[in-house]
Amino acid sequence: MSKKYVLGALAATTILGVVGCGSAGANPGSNGTGNSSGAKTTASSLTIVPNVTASFSDNFNPYGSTNMAGTQGNIYETLFYFDGTTGKQFNLLGKSFAFSNGNKTLTVQLRSNVKWSNGKTFSAADVVFTFNDLKKYSDADTNGLWQQLTSVTAPNPNEVVFNFKQANIPFAEQYVLGETFIVPKYQWSQYGDPSKVDITYKKAIGTGPYVLSSFSTQDYKFVPNKYYYLGVPKVPVLNYPAFASNSSADLALASGQVQWAGVDIPNIQTTYVNRNKNNHYYFPPNEPVMLYANLHNPLLSQLAVRQAMNLAINRQTLASKGESGYEMPASPTGLVLPPQQAWLNTSLPSSALKFTLNDAKAQQILKNAGFRKDSNGIYAKNGQELSFTLIAPSGWSDWNEDQLLISQELDKIGMKITVQEPTFSAYYTQVNPGSGKTPNYQLAMSYTDTGPTPYRTYYDMLDSKGAFNLEGYSNSQVDQLFNQFSATTNTATQKQVINKIQQVMVNQLPVIPLLNGALWFEYNNSGWTGWSNQSNLWIDPSPYTYQAAAIVLDHLRPAK
């Protein structure tokens, strides 16, 4: 199962259920709202498994706590999409944008040829309504848009102006332009709180490349939106079946029943690639997997303890044994390399750019910090042993194996690590209990957020107000560096800031990088070409990054 999808979606779906599969030649029909398509019923479908899900619920609300794969991207769109894998910008409902007024005003020019999937005209009024609706119902404003915005207005039907309390360019791009899904005013103005309405498949009206044609708890289908402003997509039917387990999904994928998936397949060369010449995969590095040490703990807050851990963990072993060679050791800087190579601080000494395994040095650092082995063979100081629990979600087999390997390696230097595997919901509550609450864990494996630049990863993880600051790191000078970055569009200034953040990462170890988490991406190219793949990685290729997936689908063409 995709770790990334589940954590990002807060475990919105269950894992066990009934196997379902689609068939070629499904009748595209109409979803009852004017969302019709001219797709031919004789063409084969493209079957997609973004993640292993037991069953589906008929809710395609982009602002609901749960929604089905394809809701965001296939149906509802943002103004722009900023790809975290390649750093590229894709223009969607917006065709251009510009900052002014000391970067506190953002003006967006909209496309003039956009229609909703039932043929009604899209305009700036829909954009203004969407943002003001999130202001009116703040529980739906999960990205905190109105903590930054002061107003959203439409001078004309093709222009929207956003005014901010202060300059924050990464926030404006990532959340305002890139993660706010625009809904039709004429329809949603009837609903009230956008986070609480059920948008059944018959009510789902968007601007995206596809519309829903059918739904059941075990399978739902999309067909092309004939009004799509970038042209009617070529894939005539998208089929999303439910699967009971990873093994059943793997079997369907290997046999050709599924053509695009984002699942973890053991021994993929033998079980998938060798089964069919058209079966391919690519697991590009996408996000850093970290060992988070809760800095509220008086022992873990000591740099010497984290330094010793850092020297004792064998990342190569984690990569080869825990991750089956699918994920490689991380960079000490926290950058994902090679994708973020252009941001690497080359002035750092070479010793800081690679991990060193040195148990003897680790123990010497502990001794220099006043720790001594007690009768249990564990380093301790003032009667406090270096004994910690390490958590990761149960059932995440690769991370669970990594946990055991880390515990064995830290045992060698006189630390006692107890592995715990709570359910995902319990795990998530421990590491991220909510705003203003102190995380209740000691050590945890997790990843952090990613974006088109390293800013989002570093900010969310290290800023005192960061959205994924699980460890509780707080440094006013670092906060000021992030303020510098967010206030400017000057790339040179931004790189200077990121260079300094990398120095913090390697010198202070606020978190301990372990691995470069991979995107899971398997595909069969017998029917369609245009995939983002290893030879031409033009966008995030995984089917569970839904905005990118919709763009991929719109680019696919029949294979010759």
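Refer to the preceding data block for the structure.
Remember, predicted model here, so these are calculated numbers, not experimental data.

(A) Representation of the overall build of the protein chain in the model. Helix and strand counts for the protein chain stand at 16 helices and 24 strands. For 560 residues, the compact-globule estimate of 2.2 N^0.38 gives 24 Å, and the C-alpha radius of gyration of the protein chain, at 24 Å, lies within 12% of that figure. Taken over the C-alpha atoms alone, the protein chain extends approximately 75 × 60 × 40 Å along its principal axes. Evaluated residue by residue, the protein chain yields a buried proportion of 58% over its 560 residues. Relative to all contacts within the protein chain whose residues are 6 or more apart in sequence, the contacts with residues 24 or more apart total 70%. Here the protein chain displays about 21500 Å² of accessible surface, and carbon together with sulfur accounts for 47% of that area. One way to put it: in the protein chain the 39 positive side-chain charges average out to a point 5 Å from where the 35 negative ones average out.

(B) View of the environment of Asp250. Mapping Asp250 onto the fold places it in helix H6 (residues 246-254). Between the alpha carbons of Asp250 and Ile265 there is a distance of 6.4 Å; along the sequence they are 15 residues apart. Once residues within four sequence positions are removed from consideration, Asp250 is found in contact with Val263, Asp264, Ile265 and Pro266.

(C) How the structure looks around the packing of helix H14 (residues 476-486) against helix H15 (residues 491-508). Two elements in contact, H14 and H15, have axes separated by 9 Å at closest approach and are oriented at 155°. Taken together, the axis directions place H14 and H15 in an arrangement best described as roughly antiparallel. As H14 packs across H15, the resulting crossing turns out to be left-handed. Of the residues in H15, those touching H14 at Val478, Leu481, Phe482, Gln484 and Phe485 are Gln494, Val497, Ile498, Lys500, Ile501 and Val504. Split into classes, the residues belonging to the contact of H14 with H15 amount to eight nonpolar, two polar and one charged.

(D) Representation of the pattern of salt bridges within the structure. Applying the stated rule across the entire model yields five salt bridges. We note a salt bridge from Arg456 to Glu179, for which the minimum N-O separation is 3.1 Å. Highlighted residues: Arg456 in helix H13 (residues 455-462) and Glu179 in the loop between helix H4 (169-177) and helix H5 (185-188), separated in sequence by 277 residues. Taking the relative accessible area as the measure of exposure, Arg456 reaches 16% and is therefore buried. Using a relative accessible area of 22% as the deciding quantity, one classes Glu179 as partly exposed.

(E) Representation of the packing of aromatic side chains within the structure. Taken as a whole and assessed by the stated rule, the structure comprises 38 aromatic pairs. Centroid distance Trp343 to Phe485: 6.4 Å. Interplanar angle 40°. Geometry classified as tilted. Note that Trp343 is positioned in the loop between strand E14 (328-329) and helix H10 (359-368) and Phe485 in helix H14, a separation of 142 residues in sequence. One exposure class covers both Trp343 and Phe485, and it is buried. Cation over ring: Lys135 sits above Trp146, and NZ or CZ is 4.7 Å from the ring centre. Across the ring face of Phe355, the terminal group of Arg315 is positioned such that the distance to the ring centre comes to 3.6 Å.

(F) Layout of H6. Residues of H6 that are buried include every one of Ser248, Ala249, Asp250, Ala252, Leu253 and Ala254, and no others. As for H6, its buried residues are in contact with strand E11 (260-261), helix H7 (268-271), strand E12 (279-281) and strand E22 (522-524). Looking one or two places after H6, you find Gly256, whose phi comes out positive at around 95°.

(G) Spatial organisation of the packing of helix H8 (residues 303-312) against H10. Contact geometry of H8 with H10 gives a least axis separation of 8 Å together with a crossing angle of 170°. When the axis of H8 is compared with that of H10, the two are roughly antiparallel. Facing H8, whose interface residues are Ala304, Val305, Gln307, Ala308, Leu311 and Ala312, H10 presents Asp359, Lys361, Ala362, Ile365 and Leu366. In terms of residue class, the contact of H8 with H10 is built from eight nonpolar, one polar and two charged.

(H) Focus on the sheet that holds E12. An order of E8-E9-E10-E1-E11-E22-E12 is seen for the seven strands of this open sheet, with the pairing classed as mixed. Looking at which strands have only one partner, the edges of the open sheet turn out to be strand E8 (210-216) and E12. In this structure, E8 lies alongside strand E9 (residues 219-224), joined through six bridges in antiparallel fashion. Bridge pairing in E9 places Tyr210 opposite Pro224.

(I) Representation of unusual backbone geometry within the structure. Looking along the chain, the bond that leaves Leu337 and enters Pro338 is cis, with omega of 10°. Mapped onto the elements of the fold, Pro338 is located in the loop between E14 and H10. Phi is positive for Asn103, close to 65°, though the residue is something other than glycine. Tracing the sequence through the fold places Asn103 in the loop between strand E4 (94-100) and strand E5 (105-110). Located in the positive-phi region is Ser324, a residue other than glycine, with phi close to 55°. Looking at the element boundaries, Ser324 is found in the loop between helix H9 (315-322) and E14.

Calculation criteria
Residues numbered from 1 in each chain as written. Predicted model: local features only at pLDDT ≥ 70, side-chain atom pairs only at ≥ 80, totals over all residues. Heavy atoms only, no water. Helix = DSSP H or I, 4+ residues; strand = E, 2+ residues; numbered from the N terminus. Rg over C-alpha atoms; globule rule 2.2 N^0.38 Å. Buried < 20%, exposed > 50% of the residue type's maximum accessible area, 1.4 Å probe, protein only. Contact = heavy atoms within 4.5 Å. Areas by Shrake-Rupley, 256 points an atom, 1.4 Å probe, with all protein chains shown as cover. Lys, Arg positive; Asp, Glu negative; His and termini not counted. Charge placed at Lys NZ, Arg CZ, Asp CG, Glu CD. Axes fitted to C-alpha atoms, helices over the stretch in contact; angles between N-to-C directions. Parallel < 35°, antiparallel > 145°, perpendicular 65-115°, else oblique. Left-handed = near helix turned anticlockwise from the far one by under 90°. Nonpolar A, V, L, I, M, F, W, Y, C, P; charged D, E, K, R; others polar. Salt bridge = Lys/Arg side-chain N within 4 Å of Asp/Glu carboxyl O. Phe/Tyr/Trp six-rings, centres within 6.5 Å; stacked < 30°, edge-to-face > 60°. Lys NZ or Arg CZ within 6 Å of the ring centre and 35° of its normal. Pairing = 2+ DSSP bridges.

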